[in-house]
Amino acid sequence: MKKIILAALVIFLTGCTSTEDFTRTCRTNINSQDLNEKEIMKVNFNNKDKLTNVIITRKYKAKGDNGITAITNIKQSSEDYNNALLTKKGIKISIAKDTEEEYVIKYYIDVPNADSDVLDIFNLQENSIKFFNKMRENNIECK
């Protein structure tokens, strides 16, 4: 009988402290005459309504010569921007693709450990419900 009670107690205690993780992907597309710009946010959150980590992928693809010039300008301006971000806690950055016609950059954000500046820059909040409501208000669908 003691073994059954002990086993039930162990199952009960471990079940109450488990945390489940969920993932949603939010996408935005901006198409201009010279450039296709996509932002994909892969958002991980737990059953305690807290964002755990976010991967933001920004893709820039040129349409013609003016688009190539735009990508060159984006690369130049993002260099200082990214170097400043790297001094902050909770963020890692990688360049996934760097060609004349396409530029892809990824931001890996560890939300609980990130500086508040990083969260502000990327419009992130620790509370997942508030974050997804904000996305919905901005007409950004997250699935």
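For the structure itself, consult the block above.
Residues numbered from 1 in each chain as written. Predicted model: local features only at pLDDT ≥ 70, side-chain atom pairs only at ≥ 80, totals over all residues. Heavy atoms only, no water.

**Student:** I would appreciate a short explanation of the environment of Asn113 in the present structure.
**Tutor:** Along the polypeptide, Asn113 turns up in the loop between strand S5 (102–110) and helix H3 (116–121). Between the alpha carbons of Asn113 and Asn53 there is a distance of 9.4 Å; along the sequence they are 60 residues apart. With sequence-adjacent residues up to four places away left out, Asn113 is seen in contact with Lys89 and Gly90. Within the local environment of Asn113, its side chain forms a polar contact with the side chain of Asp110, the two groups lying 2.6 Å apart. (Helix = DSSP H or I, 4+ residues; strand = E, 2+ residues; numbered from the N terminus. Contact = heavy atoms within 4.5 Å. Polar contact = N/O pair within 3.5 Å; in protein donor to acceptor, adjacent residues only side chain to side chain.)

**Student:** I tried to follow the nonpolar core on my own but got confused; where do I start?
**Tutor:** Soluble globular proteins tend to bury their nonpolar side chains together. Ile109, Phe122 and Phe131 are the most contacted members of the largest nonpolar core, which has 29 residues in total. Per element, the largest residue contribution to this core is five residues, and it comes from strand S3 (residues 51–62). Not counting residues up to four positions away in its chain, the partners in contact with Ile109 are Thr52, Asn53, Val54, Ile56, Gly90, Ile91, Ala114, Val118, Phe122 and Leu124. (Core = buried A, V, L, I, M, F, W, Y, C linked by side-chain atoms within 4.5 Å. Buried < 20%, exposed > 50% of the residue type's maximum accessible area, 1.4 Å probe, protein only.)

**Student:** How should I be thinking about the packing of aromatic side chains in this particular structure?
**Tutor:** Centre distance and the angle of the planes are the two values used to describe a pair of aromatic rings. As enumerated under the stated definition, the model contains five aromatic pairs in all. Aromatic pair Phe22 and Phe45: ring centres 5.7 Å apart, planes at 35°, arrangement tilted. Here Phe45 lies in strand S2 (residues 35–46) and Phe22 lies in strand S1 (residues 21–31), a separation of 23 residues in the sequence. Judged by its relative accessible area of 34%, Phe22 falls in the partly exposed class. Their ring planes at 55° and their centres at 5.0 Å tell us that Tyr107 and Phe122 sit as a pair that is tilted. Of this pair, Tyr107 sits in strand S5 while Phe122 sits in the loop between H3 and helix H4 (128–137), and the two are 15 residues apart along the sequence. Classification of Phe122 as buried rests on a relative accessible area of 5%. Following the ring pairs from residue to residue traces out a cluster consisting of Phe22, Phe45, Phe131 and Phe132. (Phe/Tyr/Trp six-rings, centres within 6.5 Å; stacked < 30°, edge-to-face > 60°.)

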